[in-house]
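Okay, here's what each chain looks like letter by letter:
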Amino acid sequence: MSATARKKAPNAEDIRARKGGTPLVSLTAYTTPMAQLMDAHCDFVLVGDSVGMVLHGLSSTLGVTMEMMILHGQAVARGLNKAMMVIDMPFASYEESTEQAFRNAARLMAETGAGAVKLEGGVEMAETIRFLVNRGIPVLAHIGLTPQSINTLGGYKVQGRAENADAVVADARAVAKAGAFSVVFEKVPQVLADRITEEVDIPTIGIGASAGCDGQILVVEDMVGFFTAFKPKFVKRYAELGPLAEAAIAEYASDVRARAFPTDAHVFSEQPTTAETTA
Ligand code: KIV
């Protein structure tokens with residue numbers, strides 16, 4: 001499938017220029033209807049590899065493939081008109097070499113229409129970020145807790161406490177210097193997030209970081225209560241749609257068993273009526 005051209009979306013340089021301004025708003029999306037709901041409200045929408053856990057029931061993001069990202073990226077692109085789309089590079093699609101990273105990043109952008117890719121890692125990924133940016137691929141970096149590395153980080157732990165703070169600062173400096181247009185900090189102490197936000201000249205996007213970051217991102221299914229397997233501390237539930245959806249499903253099941261659905265309003269007569277739609 002060819003890339004979907006979207007005329008009004010901001011680009012990576014527009015996002016970079018928002019450093020220190022009104023906070024940037026971002027959410028993840030994996031489907032067209034969800035992308036449509038957030039398009040008017042977000043500066044950029046991330047097709048996150050969290051899709052593996054949130055929609056596919058995987059126990060981590062490690063099993064997410066390029067094919068999954070491309071399918072979800074294409075779906076999200078169909079729902080966006082105004083917001084920029086960024087797409088995650090899945091585990092094992094960029095770590096091997098700069099050439100592998102370029103090949104897969106270019107494929108993600110060409111086949112989905114995304115305006116940038118996101119990849120996880122700081123100092124160790126700086127060379128890859130530079131390679132991609134120098135070849136026309138804008139990169140959103142992701143440091144702090146990087147979920148693709150849970151097996152080496154020892155789980156979903158806060159990163160940058162005590163003596164580890166210097167390592168997170170070094171990661172932030174490295175990705176900014178390498179040319180990332182913005183950086184996501186996940187699960188880092190608030191004071192550290194504020195310090196790095198002051199120091200680096202690219203917008204910082206917090207998730208479990210600080211209101212002082214240049215923007216915020218959340219997984220939409222977390223904040224509307226659709227994903228309830230667990231709730232990280234950094235998630236604010238703005239709605240509880242999961243229980244609402246389950247109540248609707250239970251009522252439907254009970255109606256079907258009682259033959260209370262469908263009613264006359266939902267069935268068709270032999271002759272068309274004026275109220276009937278073709279839908
Ligand atoms: O995959 C994802 O959803 C993410 C964000 C929450 C930062 O990486």
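Report follows, based on the coordinates. No experiment lies behind these values; they were computed from the predicted model shown.

### As for the nonpolar core
Across soluble globular proteins, nonpolar side chains show a tendency to be buried alongside one another.
1) Next: Counting residues in each nonpolar core, the largest one holds 78 residues, and the members touching the most others are Val117 and Phe185.
2) Next: The element contributing the most residues to this core is helix H8 (residues 165-178), with eight residues.
3) Next: With residues near it in sequence (within four places) discarded, Val117 still touches Val86, Ile87, Met89, Ala105, Leu108, Met109, Leu132, Ile137, Pro138, Val139 and Leu140.

### Quick word on the site of the ligand
1) Next: All residues in the neighbourhood of the ligand are listed as Thr28, Leu46, Gly48, Asp49, Ser50, Asp88, Lys118, His142, Ile207 and Val219.
2) Next: At 2.5 Å, a side-chain N or O of Ser50 approaches an oxygen atom of the ligand.
3) Next: With respect to the ligand, the side chain of Asp88 contributes an N or O atom lying 3.1 Å from an oxygen atom.
4) Next: Protein burial of the ligand: of its 260 Å² of free accessible surface, 95% is covered by the chains.
5) Next: For the shell around the ligand, the residue count by class is three nonpolar, four polar and three charged.

### Brief notes about the pattern of salt bridges
1) Next: One pass over the structure, following the stated rule, counts eight salt bridges.
2) Next: Of the charged contacts, one joins Glu111 and Arg107 as a salt bridge, the two residues approaching to 3.1 Å between their closest N and O atoms. Of the two residues, Glu111 and Arg107 both sit in helix H5 (residues 98-112), four residues apart, roughly one turn of that helix.
3) Next: Assessed through its relative accessible area of 31%, Arg107 is described here as partly exposed.
4) Next: Notably, a salt bridge pairs Arg173 with Glu199, separated by 2.4 Å at the nearest N-O pair. With a gap of 26 residues between them, Arg173 in helix H8 and Glu199 in helix H9 (residues 190-199) connect regions that are remote in the sequence.
5) Next: Each of the salt bridges in this network shares a partner with another, and the network as a whole consists of Glu67, Arg107 and Glu111.

Calculation rules
Residues numbered from 1 in each chain as written. Predicted model: local features only at pLDDT ≥ 70, side-chain atom pairs only at ≥ 80, totals over all residues. Heavy atoms only, no water. Core = buried A, V, L, I, M, F, W, Y, C linked by side-chain atoms within 4.5 Å. Buried < 20%, exposed > 50% of the residue type's maximum accessible area, 1.4 Å probe, protein only. Helix = DSSP H or I, 4+ residues; strand = E, 2+ residues; numbered from the N terminus. Contact = heavy atoms within 4.5 Å. Near = heavy atom within 4 Å. Polar contact = N/O pair within 3.5 Å; in protein donor to acceptor, adjacent residues only side chain to side chain. Areas by Shrake-Rupley, 256 points an atom, 1.4 Å probe, with all protein chains shown as cover. Nonpolar A, V, L, I, M, F, W, Y, C, P; charged D, E, K, R; others polar. Salt bridge = Lys/Arg side-chain N within 4 Å of Asp/Glu carboxyl O.

In short, geometric facts, not functional conclusions.
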